[in-house]
Amino acid sequence: MIGTVLCYLLLPAARLLRALRDAFFTCRKNVLLAKSPTAQVGGISSVPSRRSVPEEEEALLQQQLEEEAGGLHSCESALAVGKVSATLTSDWLEGSELLMTGLSNLNVASEITWCSDQQHDELHTLMSLGPKEHVVVTLAKLPEEESVATVGIAAWSAVRTQTDHQISGCTPSALEREDEDTAVLGWSLAHDTEIVPEEVTAWPVYDTGQFQPFPAESSYHEILWRDWEDLCIQLAVPELGSENGPLFEFRVMSYNILAQDLVEQSPDLYLHCQPDILDWSYRLPNLLQEIQHWDPDVLCLQEVQENHYWEQLEPTFRMMGFVCLYKRRTGKKTDGCAVCYKHNRFQLISASPVEYFRPGLDILNRDNVGLVLLLQPLLPEGVGQKATSPLCVANTHVLYNPRRGDIKLVQMALLLAEVDKVAKTVDGSYYPVILCGDLNAVPDSPLYKFIRNGQLSYHGMPAWKVSGQEDFSQQLHQWKLQTPLWHSSLGITDNCQYVSLCQTKKSDRRKYSRDFLLQFRFCDAACERPAHLILWKGVTDVKPDRPAHWPKHLTIVNDPDPELFFPRSPGVIRHGLNLTSAYSHFLPQRGRPEVTTMPMGLGATVDYIFYSAEPIENGNERGRRLYRDGALKLLGRLSLLSEDVLWLANGLPNPFCSSDHLCLLASFGLEISSA
């Protein structure tokens, strides 16, 4: 910890404050989670418990307490908490205070609420039961907003949202669960009930010999700790162009939050999870707390369920300062993609939804969608006559099916065509682009290389190989990609551009002036007799003589397009956006690949944040195009985890992470130039 603080002291002041805030928040949450007595830490719930206990049940419980407490010595109650009941609020401790606060002091570090004498006696009764007694009592006459430190557990242990039969001393019929308003956002820890530990369910299909839940003394925060990687030191390298003036800094998050309908439609994928942590009422506060903490300026979400978006997410994000746009998947699907941006950081120029379903085209018969926004950064007052270029942000969720790589390629071509239209400037260059999403393709797969390298030769490639998710090479019959990949009626060229935007240019190609055509009169091809040409006397036996003043090596002037005379090879698709990944996809300190999701216990990277960069001339390393930062610079990123780490945490989702994907977060700087 001391080394980390010393490293932070080397950072600029503004970035230091933000980094410390992130560390203090995570430390606070981690300490709270660490104090849970069970190996499976409960998590966070913003919805207060509203279960009601009938009076006769409450009386029986109280009588049982009095009978058991009667035989105990009064000296065992000497460690009672006194006349206080601590209530945890959503306001976190200041970072410096938290770091100086021991675990033993956290029980009284939060807001203090005094109890009445009767409540104080009941607390003494609870404390007298000893640490091994796990009995939960609903104290009478306590206000709803107050909570009681329960004996046998840490006062601020994070607990799961329990089903009725999991509360000790109560039968299922004795509890009535009222409808809970899951949109209430308290982001506080629920600590009014005790947990009956449940046995962890192992992964269903694969050999679980290597999987062991982490020991009770280890907590989720210790297993799932994610560091912030500050990459600003790279900007000091001269060839990266760091001396271009101030930067407009902002954060971008990409997050597949797992639609609840998809959880319920595919329960077999989540057999390793305890049922309680899959409830939306449990997952929603966790997701919102995570987003609120990292405080992105641009938020790209996938698998956003429509009713949850309009009823809970959009109103909450609006309160957090976001402007949100949403595109639901076509057909009968209930989820979609959302892009949110802070209204005090950006202004919307245009928004373009993209539907990948096209009637009549078999290769585009799926319901995936995307969103492309053009945003104008808003500079703070006092900057003077300064300006930044607009920023294009794209978000998508590509088809999952590992066997249909052909569909994935066409969906990506459609998205890139829309980005090309939105981000292209008048002079033919592009505004900076950030492309986020769940692409359902692994690093170094053909689809990944197509996005990063700008071209792909696909003819004859097995369709399953495009995404690299699974290996179907042993199958006898494999579908292979054919040329052309899509029908001309789609209106997309092999350069991933709309044909309608290229029509003017193409029509100009066919209007050649006489002077332009005369340039080819004495070119090499016109002055050499082809070997296979039949010799006809007086017709094909005459070779034109090149005048002395005519240049031997012709330089064509005003050539509309060299591709007119040198057409590109069929079976190749290209784009000109120059995109590279914000992540390296490998953890050098662990010697393992990064993981963003863990379906059926197998870790993989399928989520990405790509951004515009400048290709290095003649820069190519083992088939990978090399880039350097241009006007848009990568300043930092939130580290990912490896597969073995997620195995220790029982995979995804878990009580700490409420989605089957990890969020991606990157910090960028956009050059500010004189207006």
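Everything in this summary refers to the structure shown in the same document. (Residues numbered from 1 in each chain as written. Predicted model: local features only at pLDDT ≥ 70, side-chain atom pairs only at ≥ 80, totals over all residues. Heavy atoms only, no water.)

**Points about the overall build of the protein**
Now for step 1: In terms of regular secondary structure, the protein is built from 15 helices and 23 strands.
Now for step 2: If you take every contact in the protein between residues at least 6 apart in sequence, the share linking residues at least 24 apart comes to 77%.
Now for step 3: If you sum the accessible surface of the protein, you get close to 33,400 Å²; carbon and sulfur atoms cover 54% of it. (Helix = DSSP H or I, 4+ residues; strand = E, 2+ residues; numbered from the N terminus. Contact = heavy atoms within 4.5 Å. Areas by Shrake-Rupley, 256 points an atom, 1.4 Å probe, with all protein chains shown as cover.)

**Description of the pattern of salt bridges**
Now for step 1: The final tally for this structure, using the stated rule, is 15 salt bridges.
Now for step 2: Measuring nitrogen to oxygen at the nearest pair gives 3.4 Å for the salt bridge that ties aspartate 367 to lysine 333. Residue aspartate 367 is found in the loop between β8 (346-355) and β9 (369-377), and its partner lysine 333 is found in the loop between β6 (322-328) and β7 (335-342); the two are separated by 34 residues along the sequence.
Now for step 3: A salt bridge links aspartate 444 to arginine 624; its shortest N-O distance comes to 2.9 Å. Of the two residues, aspartate 444 is situated in the loop between β12 (433-438) and α11 (446-453) and arginine 624 in strand β20 (residues 624-628); the sequence distance between them amounts to 180 residues.
Now for step 4: Residue aspartate 444 is classed as partly exposed on the basis of its relative accessible area, which comes to 43%. (Salt bridge = Lys/Arg side-chain N within 4 Å of Asp/Glu carboxyl O. Buried < 20%, exposed > 50% of the residue type's maximum accessible area, 1.4 Å probe, protein only.)

**Re the pairing of strand β4 (residues 247-256)**
Now for step 1: Taken across its 10 residues, β4 has eight buried, putting it largely inside the fold.
Now for step 2: Sheet topology note: the β4/strand β22 (residues 664-671) ladder contains eight bridges and is antiparallel. Paired with serine 254 across the strands is leucine 664, a residue of β22.
Now for step 3: Note that β4 and strand β5 (residues 298-305) share five bridges and pair parallel. (Pairing = 2+ DSSP bridges.)

**Observations regarding helix α10 (residues 405-423)**
Now for step 1: With 19 residues, α10 extends 26 Å between its outermost C-alpha atoms, agreeing within 8% with the 27 Å of an ideal straight helix rising 1.5 Å per residue.
Now for step 2: Of all the 19 residues making up α10, 18 are buried; the element is thus mostly covered by neighbouring parts of the structure. (Expected span 1.5 Å × (residues − 1).)

**Section: the nonpolar core**
Now for step 1: Grouped together as the largest cluster of nonpolar side chains are 68 residues, with contacts concentrated most on Leu224, Phe250, Leu301, Phe317, Ile434 and Phe668.
Now for step 2: Broken down by element, the residue count for this core peaks at six residues, all from helix α8 (residues 280-294).
Now for step 3: Setting aside residues up to four positions removed in sequence, phenylalanine 317 forms contacts with Leu288, Ile291, Leu299, Leu301, Phe322, Cys324 and Cys340.
Now for step 4: In terms of nonpolar packing, the next biggest core, distinct from the first, is built from 48 residues, Leu361, Leu364, Met461 and Leu481 among them. (Core = buried A, V, L, I, M, F, W, Y, C linked by side-chain atoms within 4.5 Å.)

**Here's the deal with the sheet that holds β4**
Now for step 1: Ordered in space as β3-β21-β22-β4-β5-β7-β6, the seven strands form an open sheet in which the pairing is mixed. Each end of this open sheet is capped by a strand with a single partner; those strands are β3 (228-230) and β6. Across the sheet, the mean angle from the axis of one strand to that of its neighbour is 20 degrees, orientation sign disregarded.
Now for step 2: Here α8 sits on the sheet in contact with β4, β5, β21 (632-638) and β22, set at roughly 165 degrees to β4.
Now for step 3: Strands β5, β6 and β7 of the sheet are contacted by helix α9 (residues 306-319), whose axis makes an angle of about 165 degrees with β6. (Axes fitted to C-alpha atoms, helices over the stretch in contact; angles between N-to-C directions.)

**Some remarks on the packing of α10 against α11**
Now for step 1: Between α10 and α11, the least distance of the axes is 10 Å, while the angle of their chain directions is 20 degrees. Between α10 and α11, the interaxial angle falls into the category roughly parallel. For the crossing formed where α10 meets α11, the hand is right-handed. Side by side, α10 and α11 meet where Lys408, Leu409, Met412 and Leu416 of the first sit next to Leu447, Phe450 and Ile451 of the second.
Now for step 2: Taken together, the residues that form the contact of α10 with α11 break down as six nonpolar, no polar and one charged. (Parallel < 35°, antiparallel > 145°, perpendicular 65-115°, else oblique. Left-handed = near helix turned anticlockwise from the far one by under 90°. Nonpolar A, V, L, I, M, F, W, Y, C, P; charged D, E, K, R; others polar.)

**Focus: the environment of glutamate 418**
Now for step 1: By the secondary structure assignment, glutamate 418 is in helix α10.
Now for step 2: When its relative accessible area of 5% is taken as the criterion, glutamate 418 is described as buried.
Now for step 3: Of note is the side chain of glutamate 418, whose polar atom sits 2.6 Å from the side chain of tyrosine 498. (Polar contact = N/O pair within 3.5 Å; in protein donor to acceptor, adjacent residues only side chain to side chain.)

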